[in-house]
Amino acid sequence: MTVRRVALLTAGGFAPCLSSAVGGLIQRYTEIAPEVEIIAYQHGYHGLLLGEKVVIDAETRKHAAVLHRFGGSPIGNSRVKLTNRADAEKRGLVKPGEDPLRVAAEQLKADGVDVLHTIGGDDTNTTAADLAAYLHENGYELTVVGLPKTIDNDVIPIRQSLGAWTAAEQTARFAANIIGEHRSGPRMLIVHEVMGRSCGWLTAAASVEYRKWLDTQEWVPSIGLTRERWDVHAVLIPELAIDVDAEAARLKTIMDTQGNVNIFLSEGAGLHEIVAQLEAAGEEVQRDAFGHVRLDTVNPGQWFAKQFAAKLGAEKVMVQKSGYFSRAAAANADDLRLIQSMTDLAVECALRGESGVIGHDEENDDRLRAIEFPRIAGGKAFDVTQPWFVDLLAQIGQPLVPGTHG
């Protein structure tokens, strides 16, 4: 296969890997196939539909390594589903009656793109697969090589998604400042709401990272500076059954003893119950273009804070979300190594015409390879029986009660 021009796009929510992944792809092409032209669509599929792109010139190639130092995405993101015609029309991305898949396909053909690199989660990459299939049916062969981005670390069957390690580290860093508020009033309840719609990995991993930080600190109990007050007292995630009354009884003992309680809460914990309660009350629950509940309109953290505050007798309640702090950070050393291994393989696969999503395949001995698109899915449940998580709950005194993962 002769590759003349490749296109890059980043899509979905941010993760601490996008800028570095873009930089890594540019570097690798420049190293082993400098003759290949590179373009980047602006704001993901939004820019593809509108034909908005930039050409990666010699100056950008020369300074591509700089992108590893930054978070966010230099080429921009958006949430656009090419099979959701109504949403694309509403946003002015296609004309009434136009098929977004056809519009995107025609743009790729007009731009002479041989390879499309998508950097995103399961929605981004399965949308790319839909696009490749459409082009194939219409006589245009496009190689699509995706990179898995999500701080939730919930892409099936990929062991570790890009950016998740950094997000856990940054979430813990955020928590250290927020939990410092625990003495701003007597009987203080702090709910740290962490991103994770259907997977509790990030909340669990961030809890462990935060407690590692606690291990490095000195304490002065005589003045009230105690590890117990700074600790995580509950970890609530979608994969655990949450008995609010039973958990409140356990936490009330902590509140009565030391005057504060700190909860790490995945934003997807108890989501089905919350939505059911809202809809039963006649409230409309808003959803995005992919059909996902818009969590900012549901506010799980506030819902749980209200439930626990009353039962714990909290005099002051604070809910803080760490998502935007953590997801736009620059990649840490662990993620940078993972990004390089994946971008290097992505370019090799692209040059030999092999489509798929790059990742360590959990169903194939964790081998790093281009995983077939039909096998890619979101919503991978976090395994709560892993020893490190079992140990975490045991250390904070929380019972392990697996729930029915939705």
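Remember, predicted model here, so these are calculated numbers, not experimental data.

Chemist: Tell me about the pattern of salt bridges, residues and numbers included.
Modeler: Enumeration over the complete set of coordinates arrives at 24 salt bridges. Its salt-bridge partner being Arg352, residue Glu354 comes within 2.8 Å of it at the nearest N-O pair. For Asp361, the salt bridge identified is with Arg369, shortest N-O distance 3.1 Å. Residue Arg369 is classed as buried on the basis of its relative accessible area of 13%. Taken together, the shared-partner salt bridges in this structure form one network comprising Asp361, Glu363, Arg369, Glu372 and Arg375.

Chemist: Tell me about a nonpolar patch on the surface, residues and numbers included.
Modeler: Taken together, Val220, Ile223 and Leu225 make up a surface patch of nonpolar side chains, about 260 Å² in accessible area. Within the secondary structure, Leu225 sits in the loop between helix H8 (201–215) and helix H9 (227–230). Judged by relative accessible area, which is 31%, Leu225 ranks as partly exposed.

Chemist: So what about the packing of aromatic side chains? Which residues, and what values?
Modeler: In this structure the tally under the stated criterion is ten aromatic pairs. The interplanar angle of 50° and the centroid separation of 5.6 Å between the aromatic rings of Phe174 and Phe325 together place this pair among those described as tilted. Residue Phe174 is located in helix H7 (residues 164–179), and its partner Phe325 is located in helix H14 (residues 323–327); the two are separated by 151 residues in the primary sequence. Among the residues examined, Phe174 registers a relative accessible area of 14% and is labelled buried. Three or more aromatic residues joined by ring pairs form one cluster here, namely Tyr210, Trp213, Trp219, Trp230 and Phe264.

Chemist: Tell me about the nonpolar core, residues and numbers included.
Modeler: Tyr29, Leu147, Tyr210, Ile358 and Phe389 are the most contacted members of the largest nonpolar core, which has 65 residues in total. The leading source of residues in this core is helix H15 (residues 333–351), at eight residues. Each residue touching Ile358, except ones within four places of it in the same chain, is listed here: Val145, Gly146, Leu147, Pro148, Ile158, Met342, Leu345, Ala346, Cys349, Leu368, Arg369 and Ala370.

Chemist: Give me the packing of H7 against H15: which residues, what numbers.
Modeler: Two elements in contact, H7 and H15, have axes whose closest approach is 8 Å; the angle formed by their N-to-C orientations is 165°. Between H7 and H15, the crossing angle belongs to the class labelled roughly antiparallel. With respect to the hand of their crossing, H7 and H15 are arranged in left-handed fashion. Residues Ala164, Trp165 and Thr166 of H7 form the contact with H15, whose own contacting residues are Asp334, Asp335 and Leu338. Residue composition of the contact of H7 with H15, by class: three nonpolar, one polar and two charged.

Chemist: So what about the pairing of strand E5 (residues 143–148)? Which residues, and what values?
Modeler: Remember that side chains alternate between the two faces of the sheet whenever the strand is regular. Counting buried residues in E5 gives six out of six residues, a clear majority hidden from the surface. On E5, burial covers both faces: Thr143, Val145 and Leu147 on one face and Val144, Gly146 and Pro148 on the other are all buried. With respect to chirality, the unit in which strand E4 (residues 115–120) leads through helix H6 (residues 122–137) into the neighbouring parallel E5 is right-handed. Taken together, the two bridges between E5 and strand E10 (residues 356–361) define a ladder with parallel strand orientation. Paired with Val145 across the two strands is Gly356, which belongs to E10.

Chemist: Tell me about the side chain of His182, residues and numbers included.
Modeler: Tracing the chain through its elements places His182 in the loop between H7 and strand E6 (188–194). The class of His182 is buried, set by a relative accessible area of 3%. Within the local environment of His182, its side chain forms a polar contact with the backbone oxygen of Ile179, the two atoms lying 2.6 Å apart. With near-sequence residues (within four places) excluded, His182 lies in contact with Met188, Ile190, Arg229, Trp230, Asn260 and Asn262.

Chemist: If you had to explain the environment of Phe174 to someone new, which residues and values would you point to?
Modeler: A sequence separation of 32 residues divides Phe174 from Ala206, and the C-alpha atoms of the two residues are 9.8 Å apart. Those residues within four positions of Phe174 in sequence are excluded, and the remaining contacts are His192, Gln320, Lys321, Ser322 and Phe325.

Chemist: Let's hear about the side chain of Ser20: which residues, and what values?
Modeler: Structurally, the position occupied by Ser20 is in helix H1 (residues 18–32). A relative accessible area of 2% places Ser20 in the buried class. Within the structure, Ser20 has its side chain in polar contact with the side chain of His68 (distance 2.6 Å). Excluding residues within four positions of it along the chain, Ser20 makes contact with Leu67, His68, Leu336 and Ile339.

Chemist: So what's going on with the state of the cysteines? Residues and values would help.
Modeler: This structure, assessed with the given rule, holds zero disulfides. Free cysteine Cys17: the closest other cysteine sulfur is in Cys199, separated by 16 Å. Under the relative-accessibility criterion, Cys199 is labelled buried at 1%.

Chemist: I'd like a description of the sheet that holds strand E8 (residues 260–266), backed by residues and values.
Modeler: Read across the sheet, four strands follow the order E7-E8-E6-E9 without closing on themselves; strand pairing throughout is parallel. Among the strands making up the open sheet, the edge pair consists of strand E7 (234–236) and strand E9 (316–321). Across the sheet, the mean angle from the axis of one strand to that of its neighbour is 15°, orientation sign disregarded. Judged from the six bridges that link them, E6 and E9 form a sheet pairing that is parallel. Along E9, the bridge assignment pairs Ile190 with Met318. The strands that H7 touches are E6, E8 and E9; relative to E6, the one it contacts most, it runs at about 160°.

Rules used in this analysis
Residues numbered from 1 in each chain as written. Predicted model: local features only at pLDDT ≥ 70, side-chain atom pairs only at ≥ 80, totals over all residues. Heavy atoms only, no water. Salt bridge = Lys/Arg side-chain N within 4 Å of Asp/Glu carboxyl O. Buried < 20%, exposed > 50% of the residue type's maximum accessible area, 1.4 Å probe, protein only. Patch = residues over 30% accessible without salt bridge, like charges linked within 9 Å, V, L, I, M, F, W, Y side chains within 5 Å. Areas by Shrake-Rupley, 256 points an atom, 1.4 Å probe, with all protein chains shown as cover. Helix = DSSP H or I, 4+ residues; strand = E, 2+ residues; numbered from the N terminus. Phe/Tyr/Trp six-rings, centres within 6.5 Å; stacked < 30°, edge-to-face > 60°. Core = buried A, V, L, I, M, F, W, Y, C linked by side-chain atoms within 4.5 Å. Contact = heavy atoms within 4.5 Å. Axes fitted to C-alpha atoms, helices over the stretch in contact; angles between N-to-C directions. Parallel < 35°, antiparallel > 145°, perpendicular 65-115°, else oblique. Left-handed = near helix turned anticlockwise from the far one by under 90°. Nonpolar A, V, L, I, M, F, W, Y, C, P; charged D, E, K, R; others polar. Right-handed = clockwise from strand over helix to strand, strands pointing away. Pairing = 2+ DSSP bridges. Polar contact = N/O pair within 3.5 Å; in protein donor to acceptor, adjacent residues only side chain to side chain. Disulfide = S-S within 2.5 Å.

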